[in-house]
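Take a look at the letters that make up each chain.
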Amino acid sequence: MSTLLEANHIVKQYASHKALDDVTVHFPEGCVFGLLGPNGAGKTTLIRIMTQITAPDSGTLIFQGKPLERDHIYQIGYLPEERGLYKKMKVGEQAMYLARLKGLSQADAKTKLHYWFKKFEITQWWDKKIEELSKGMAQKVQFITTILHEPKFLILDEPFSGFDPINAELIKGEILELKKKGTTIVLSTHNMSSVEEICDNIALINKSKKLLDGKVTDVRKTYSTNTFEIDYRGTTEQLERALGGSFDLQANGPKGDYLSARISIGKDAQLNTLLQQLIPHVDLNGATEIIPTMNDIFIKVVGANNAGVGSGLTE
Amino acid sequence: MGKIGLIITREYLSRVKKKSFIIMTFLGPILMAGLIFGAVALGLQENDDHEVLVVDKTPGGVFKGKFKNLEGLKFHYSTKDMSNQEFDKSPYSLMLYLNDQTVEMDAGELFYKDAPGFSTQGKIEHQIEGVLEDYKLELHKISKEEYNAISTEFNLVTKDINKSEDDSYKHKVAIVGFGFAIVIYLFIFIYGVQVMRGVMEEKTSRIVEVLISSVKPFELMMGKIIGIALVGLTQFLLWVILTAILSTAGPALFLKDKYAVQEIAQQQATPEVKKELAAKMKAGAEPDVMAEFNSLKERINFPLMIGMFLFYFLGGFLVYASLFAAIGAAVDSETDSQQFMMPITIPLIFGFIVAEMSLMNPGGAAVTWFSIIPLTSPVVMMVRVAQGFDPGSIWQLFVSMALLIVFFVFCVWLAGKIYRTGILMYGKKITYKELWKWLRYNG
């Protein structure tokens, strides 16, 4: 997988604070990339730099192997977190205007808009003013205007906020559809379950610095603690006897017809070792590795980082 | 069409299509014309007949039988005092009370039930003056012929030694220039504030972030300013056209009576007729406004005037609108904008005051200076353009124009910097110190 956009060693200093401090993120082509981080971490600044709304103080941006330049904005789509459209302007006119600013011709814009309005079943809104629409409806219009010019690089800041579950599902479907077509989608979100669901890669930013990045599966693997959930028939005493103190039993309790135990086997041990020890004593039903959720990782990494910074500096 | 063209088109069309624009465009001139003609019509139409009782208390009855009855104005004479109640019951509508000191004091009282119009008052006053003059001539044993020979009306004609023509008209043409100055002043104000509102709308509705991921902030700002300037010019043009139509059709509509005929006759009068009318004027007729206006038309270089109007309108608008745009970008709400609007509106209002001053004193040093300084020149210079320049001072016009261009480039640059940072800045209390910082940001 080749890289669509590289942000190398980006530094951005505002008057009172450093928004980005030597941040390097590579966005592979044709994936959904989760840009994670707590509020105020510097995500929006990074996005604004990639969309050329602001320029970095230092660092380079490479788009498809060439330094990022003005004309690349036609290949970039951006849905900001704070949505907004002209309240008094008609939906159709407004969508046409935004499409044309993205370089589409009049005819092209019209054809594409009609296609999308039909697909999202909002054709009847064409002549309505934005102020007459509900928030969710306006969001749909805004989503369409963001992807209309078929950008190669699509940045969506909290795309699901403001949508009901049905429409959120619709948007999710569109994102995956776009990915299939080869679009790179950057998803900036706090919704960790959606990250696990649709993101291939992530980068985590905290306090202006990148803390970690990589494939979601790799990241979760890295942070796994080698803990397993064992379903078995038998008694707790039998299980404890089988473990013999060599493994850490974290929890144990009934689960349906079975008992279910959570056992940490330590960093270097193998599941096989555990199973070999258990088989003579209890009737095993299943064993699953407990992989930390992105939510767990987020809290753990950011929490540790904040604690470290807090104790190390007198800021 | 480039992006800035798209932005201009949107800004222009979205405003021109607004109901308020259409209403203002059509209602403005109609209201103006209505007001003017309404006032004129009301002033002229004193069609009620007056029965005037002259109570002559002067020794010997100086005024007895001396008033000429005119159409709608009949005089009756008495020497007896009349109480207010008696007057109220009497058939007379006016009571002219001339006490025994009238000749010495040159003053009398006119009592009324319903207030008489100015022209009725004027006619009565004029007649009293005539009667008193005749009386005094007789008193001093001076013949009418002698009096006419002595009576002097002096006409002072001012002449600029650098010019062959007399320039006593300068004062009047300055008023026409002042009219243009008012238009520039109003349009800068009205449409400058619209620019500010437009920028604030984009900022508060947050659409600006979407927009500037497609266009440069500078393009967005300039597109808005130019679009709104075109809206202003459109409105002005439509007003001129509509006013022209109304002012030709208006008199026929509003003043169907003899006065209208008289006015129109005055407009199209030959010099001889004009003289005659001027004589009539002395006899208490309306002043000849239209003839005056016609002579002004010849005095003013209108192509230059309109050319300069467009230049100073656009130049002044670009300067002020870019500053208004910067304010709109810097603040979060209209209430916050007040403190920053002050320093911008003060020079504009000051320019207006200087322009007004220049009507009294066209050659003053203040007028010269403020017609060159960019923030006031768009308003003040209009008055000077109307008066015309001589070869010795024409350079001031060129300097003023050049400075305005330089200053406008500077303002747009300055505003662009504030705008770029401001539109993405929310929830921050903006101070001048903060704005200064923004000027030094790069990118």
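Caption draft 1: Structural detail: the overall build of chain A. If you tally the helices and strands in chain A, you get 10 helices and 14 strands. Dimensions of chain A, computed from the C-alpha atoms along their principal axes, are close to 75 × 50 × 35 Å. A buried classification covers 36% of the 315 residues belonging to chain A. Sequence separation of at least 24 residues holds for 72% of the intrachain contacts in chain A that already meet a minimum separation of 6.

Caption draft 2: Quick look at helix H14 (residues 334-360) of chain B. Residue and element names in this part refer to chain B. Along its 27 residues, H14 runs 38 Å from first to last C-alpha, staying within 8% of the 39 Å computed at 1.5 Å per residue. Of all the bends in H14, the greatest, near 45°, is centred on Phe 340, and the proline Pro 343 appears no more than four residues after it. When H14 is considered as a whole, its buried residues turn out to be Ser 337, Phe 340, Leu 348, Gly 351, Phe 352, Val 354, Ala 355 and Ser 358.

Caption draft 3: Structural view of the interface of chain A and chain B. Every contact between the two is made by 20 residues of chain A and, on the other side, 16 residues of chain B. No other element matches the four residues that helix H2 (residues 91-101) of chain A contributes to the side of chain A that touches chain B. Its residues assigned to classes, the side of chain A that touches chain B comprises 12 nonpolar, three polar and five charged.

Caption draft 4: Fine view of the environment of Gln75(A). Residues and elements named next belong to chain A. The residue Gln 75 is located in the loop between strand S5 (66-67) and strand S6 (76-79) in this model. On the basis of neighbour count, Gln 75 is assigned to the partly exposed category, with 19 C-beta atoms found within 10 Å. Each C-alpha atom, one on Gln 75 and one on Thr 183, is 10.0 Å from the other, the two residues being 108 residues apart in sequence. Those residues within four positions of Gln 75 in sequence are excluded, and the remaining contacts are Pro 151, Lys 152 and Phe 153.

Caption draft 5: Examining the nonpolar core more closely. Residues and elements named next belong to chain B. Judged by nonpolar contacts, the single largest core of 140 residues is most densely connected at Ile 184, Ile 225, Phe 317, Ala 321, Ala 325 and Met 382. With 17 residues, the top contributor of residues to this core is helix H13 (residues 302-330). If we skip the residues at most four places from it in the chain, Phe 317 touches Phe 187, Ile 188, Tyr 191, Gly 192, Ala 229 and Gly 232. Listed in part, the 15 residues of the second largest apolar core include Leu 53, Val 62, Phe 75 and Leu 96.

Caption draft 6: Seen up close, the packing of H14(B) against helix H16 (residues 377-387) of chain B. All names here are of chain B. Between H14 and H16, the shortest axis-to-axis distance is 8 Å and the interhelical angle comes to 15°. Regarding the angle of H14 to H16, the classification is roughly parallel. Between H14 and H16 lies a crossing of right-handed hand. Residue-level inspection shows Gly 351, Phe 352, Val 354, Ala 355 and Ser 358 of H14 in contact with H16, the latter providing Val 379, Val 380 and Val 383.

Caption draft 7: Representation of unusual backbone geometry within the structure. Residues and elements named next belong to chain A. Phi is positive for Asp 22, which is not a glycine, with a value near 55°. Secondary-structure assignment places Asp 22 in strand S2 (residues 18-28). Look at Gln 64: it is not a glycine, yet its phi comes out positive at around 50°. Within the secondary structure, Gln 64 is located in the loop between strand S4 (58-63) and S5. Residue classification places Gln 64 among the partly exposed positions, given that 15 C-beta atoms sit within 10 Å.

Caption draft 8: Seen up close, the sheet that holds S5(A). All names here are of chain A. Strand order in this open sheet of four strands is S2-S1-S4-S5, and the pairing throughout is antiparallel. Each edge of the open sheet is held by one strand with a lone partner, namely S2 and S5. Across the sheet, helix H1 (residues 43-50) is in contact with strand S1 (3-13), S2 and S4; its angle to S1 comes to roughly 120°.

Caption draft 9: Up close: the sheet that holds strand S4 (residues 109-112) of chain B. All names here are of chain B. Here four strands make up an open sheet; going across it, the order is S2-S1-S3-S4 and the pairing mixed. Of all strands in the sheet, those with a lone pairing partner are strand S2 (73-78) and S4, marking the two edges. For this sheet, the mean angle separating the axes of adjacent strands, direction not counted, is 25°. The sheet contact formed by strand S3 (residues 94-98) and S4 spans four bridges and is antiparallel. Within S4, the position partnered with Leu 96 by the bridge is Leu 110.

Thresholds, definitions, all that
- Residues numbered from 1 in each chain as written.
- Chains lettered and ligands numbered in written order.
- Predicted model: local features only at pLDDT ≥ 70, side-chain atom pairs only at ≥ 80, totals over all residues.
- Helix = DSSP H or I, 4+ residues; strand = E, 2+ residues; numbered from the N terminus.
- Buried ≥ 20, exposed ≤ 12 C-beta atoms within 10 Å, placed from the backbone.
- Contact = placed C-beta atoms within 7 Å.
- Expected span 1.5 Å × (residues − 1).
- Bend = angle between axes of the 7 residues up to and from the residue.
- Nonpolar A, V, L, I, M, F, W, Y, C, P; charged D, E, K, R; others polar.
- Core = buried A, V, L, I, M, F, W, Y, C linked by C-beta atoms within 7 Å.
- Axes fitted to C-alpha atoms, helices over the stretch in contact; angles between N-to-C directions.
- Parallel < 35°, antiparallel > 145°, perpendicular 65-115°, else oblique.
- Left-handed = near helix turned anticlockwise from the far one by under 90°.
- Pairing = 2+ DSSP bridges.

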